[in-house]
Amino acid sequence: MTEVTDRTNFFEGHDPRELVAKYGSPLYVYSEKTLRLRCREMVSLSSCPNVIVNYAVKANTNLTLLKIARECGCRADISSMGEAVAAMEAGFRPDEMLFMVNNVSADELSFAVEKGITVCVDSLTQLATLGRLNPGGKVAVRFNSGVGGGHHENVVTGGDGTKFGIMPDKIAMVKLLAKQNNLKIAGITHHIGSQNWGDLYLAGVDAILKIAREFSDLEFIDFGGGFAIPYNKQNGEKPLDLRALSSALDSKLFDFNKEYGKSVNFIIEPGRYIAAECGVLLGTVHSVKSNNTKNFAGTDLGFSVFKRPTVYDAHHDIEIYRGQSAASTKTKNVNIVGNQCESGDYIAKERELPELFDGDIIGVLDAGAYGYSMSCQYNFRPRPAEVLIQLDKSVKLIRRRDNFTDMLANMVGL
Ligand SMILES: *Cc1c(COP(=O)(O)O)cnc(C)c1O
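What comes next is a walk through the structure. Source: prediction; values computed, not measured.

**Here we look at the sheet that holds strand β7 (residues 184–189)**
Then comes step 1: Strand order in the closed barrel formed by eight strands is β2-β3-β4-β5-β6-β7-β8-β9, with parallel pairing between adjacent strands. Adjacent strand axes in the sheet meet at a mean angle of 30°, parallel and antiparallel pairs treated alike.
Then comes step 2: When strand β6 (residues 138–142) meets β7, the two strands line up parallel, connected through five bridges. Looking at the pairing, V139 lines up with I185 of β7.

**A short note on the site of the ligand**
Then comes step 1: If you check the shell around the ligand, you find 14 residues, and the closest are K58, S194, E269, R272 and Y370.
Then comes step 2: Contact distances for the ligand include 2.5 Å between an oxygen atom and a side-chain N or O atom of S194.
Then comes step 3: R272 places a polar main-chain atom, nitrogen or oxygen, 2.7 Å from an oxygen atom of the ligand.
Then comes step 4: Computed on the free molecule, the ligand has an accessible area of 380 Å², of which 93% lies beneath the protein chains in the complex.
Then comes step 5: Assessed atom by atom at 2 Å from the grid points, the ligand resides in the largest pocket.
Then comes step 6: Looking at side-chain class alone, the shell around the ligand contains four nonpolar, five polar and five charged residues.

**A look at the pairing of strand β1 (residues 27–31)**
For a regular strand, the rule is simple: side chains alternate between the two faces of the sheet.
Then comes step 1: β1 sits mainly inside the fold: five of its five residues count as buried.
Then comes step 2: Note that β1 and strand β16 (residues 385–389) share five bridges and pair parallel. Among the inter-strand pairings, Y30 is bridged to a residue of β16, identified as L388.
Then comes step 3: Sheet topology places β1 next to strand β10 (residues 279–291); four bridges connect them, and they run antiparallel. The partner of L27 across the bridge, within β10, is L282.

**Overview of the nonpolar core**
Then comes step 1: Residues F143, I188, I221, F223, F266 and I336 are the most contacted members of the largest nonpolar core, which totals 99 residues.
Then comes step 2: Among the elements that make up this core, the one with the highest residue count is helix α9 (residues 198–212) (seven residues).

**Section: the layout of surface pockets**
Then comes step 1: Its boundaries defined by the atoms lining it, the largest pocket holds a volume of some 540 Å³.
Then comes step 2: In terms of lining, the largest pocket is formed by 26 residues, of which the most central are K58, T157, F164, H191 and Y370.

**Examining the state of the cysteines**
Then comes step 1: All told, the structure shown has zero disulfides when counted by the stated rule.
Then comes step 2: We note that C72 lacks a disulfide partner, and the nearest cysteine sulfur, in C39, lies 4.3 Å from it.
Then comes step 3: A residue is classified by how much of its surface remains accessible, and C72, at 15% relative accessible area, is buried.
Then comes step 4: With no disulfide of its own, C74 lies closest to C39 among cysteine sulfurs, the gap being 4.1 Å.

**A closer look at helix α7 (residues 124–133)**
Then comes step 1: Those residues of α7 not exposed but buried are Q126, L127, T129, L130 and G131.
Then comes step 2: Structurally, α7 contributes buried residues whose contacts are with α6 (106–115), β5 (118–121), β6 and α8 (171–180).

**A few points about the packing of aromatic side chains**
Then comes step 1: Scanning the entire structure with this criterion turns up ten aromatic pairs.
Then comes step 2: Relative to Y30, the ring of Y28 has its centre 6.3 Å away and its plane inclined at 10°; by these criteria the two rings are stacked.
Then comes step 3: The class of Y28 is buried, set by a relative accessible area of 0%.
Then comes step 4: Here Y30 falls in the buried class, since its relative accessible area comes to 0%.
Then comes step 5: An aromatic cluster is defined as three or more aromatic residues linked by ring pairs; in this entry it consists of F223, F256, Y260 and F266.
Then comes step 6: A cation over a ring is seen here: K175 above F215, with NZ or CZ 5.1 Å from the ring centre.
Then comes step 7: K349 extends its terminal NZ or CZ atom over the ring of Y346, reaching a point 4.1 Å from the ring centre.

About the criteria used
- Residues numbered from 1 in each chain as written.
- Predicted model: local features only at pLDDT ≥ 70, side-chain atom pairs only at ≥ 80, totals over all residues.
- Heavy atoms only, no water.
- Pairing = 2+ DSSP bridges.
- Helix = DSSP H or I, 4+ residues; strand = E, 2+ residues; numbered from the N terminus.
- Axes fitted to C-alpha atoms, helices over the stretch in contact; angles between N-to-C directions.
- Near = heavy atom within 4 Å.
- Polar contact = N/O pair within 3.5 Å; in protein donor to acceptor, adjacent residues only side chain to side chain.
- Areas by Shrake-Rupley, 256 points an atom, 1.4 Å probe, with all protein chains shown as cover.
- 1 Å grid on protein atoms, 1.4 Å probe; cavity = no way out; pocket = protein on both sides within 12 Å on 5 of 7 lines; lining within 4 Å.
- Sits in = over half its atoms within 2 Å of the grid points.
- Nonpolar A, V, L, I, M, F, W, Y, C, P; charged D, E, K, R; others polar.
- Buried < 20%, exposed > 50% of the residue type's maximum accessible area, 1.4 Å probe, protein only.
- Core = buried A, V, L, I, M, F, W, Y, C linked by side-chain atoms within 4.5 Å.
- Points joined across faces, edges and corners; volume = space filled by probe spheres on them.
- Disulfide = S-S within 2.5 Å.
- Contact = heavy atoms within 4.5 Å.
- Phe/Tyr/Trp six-rings, centres within 6.5 Å; stacked < 30°, edge-to-face > 60°.
- Lys NZ or Arg CZ within 6 Å of the ring centre and 35° of its normal.

Put into structure tokens, the structure is as follows:
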């Protein structure tokens, strides 16, 4: 049950059980090698020279990973003031960031203006607010191009019925408001959603390029993120066909370059594609039982540690790390659950896995994106530590586990 991480030599010879013994459980483990590989794939996705990769910082905000992504040539897509602060701390300059705002306060907008970060608004009212705060400045506008898709309703961010973007029938209003507020529209963007395979993404590219033709003086056109990763590797799911995507994208971009008559940058905003596969979440089985028809393995991987199964009903492959001598060939249908006081607290449902025992160390694969960044302290549990397996194979602690002093510190007035 370790063939996926064995195939890429994810742990570089380290025994996950020893990592847990040293750094505690649960533990997020990242592979620098995998992170760099995924960054490189995105940076070289298109042979069109004017393509920029803005890594979506919300997928994983660890400073060490951000710094590596920047070294690999990524810029930053940020969605809050906090993410801007983290990105700057990791070395990104304000002119390397695009702030994708959704219902943010005037304070957050002022912060961006002060720092010189380009803001991308996604409503007419926020366009007017920004105009008031930054007269004579630049702005980007997020449209809802009508294309949307994703692995779960909660991640579809384009098309009818989502809260994001401005509908294309408001283009005239956008132009008028920008003019009234003395703002230059430097770029347009959209983001269709997450976990999309090539075709829908390309349909989205066509849709936003169509909107771009309505603007004569753009500096950039941003196609958003949402590239899919194979979460079902144990069942043989194949990765995104980058070569096919790349050639289809290239022909669109070269054509548009010719047609537009002015040099314009194209931006892609991958989050999950860059961060998901470089992370494995390790946890410990603390209890096994059968309640009538269902078998449960109870772990320390509650949804405060890893939310994707609970929030999106997401599938993550599970590995079991156990010495060869203790290997069990008997499989069992099992529900892997967490330690939180909620019945929606699960990691994997109805999986056929080798029988699990107390003390087993398990790994949740592809946990690098929307793992730690969505974790919380529910049940007043400390968030886990994060370690990085570096290129030289050594292991470095890159975030320590919360402790109770940290957790109590913000509560005042007792
Ligand atoms: C979340 C987000 C992304 C990244 O999405 P992934 O599915 O992780 O690639 C990109 N752009 C915007 C505006 C986002 O909100």
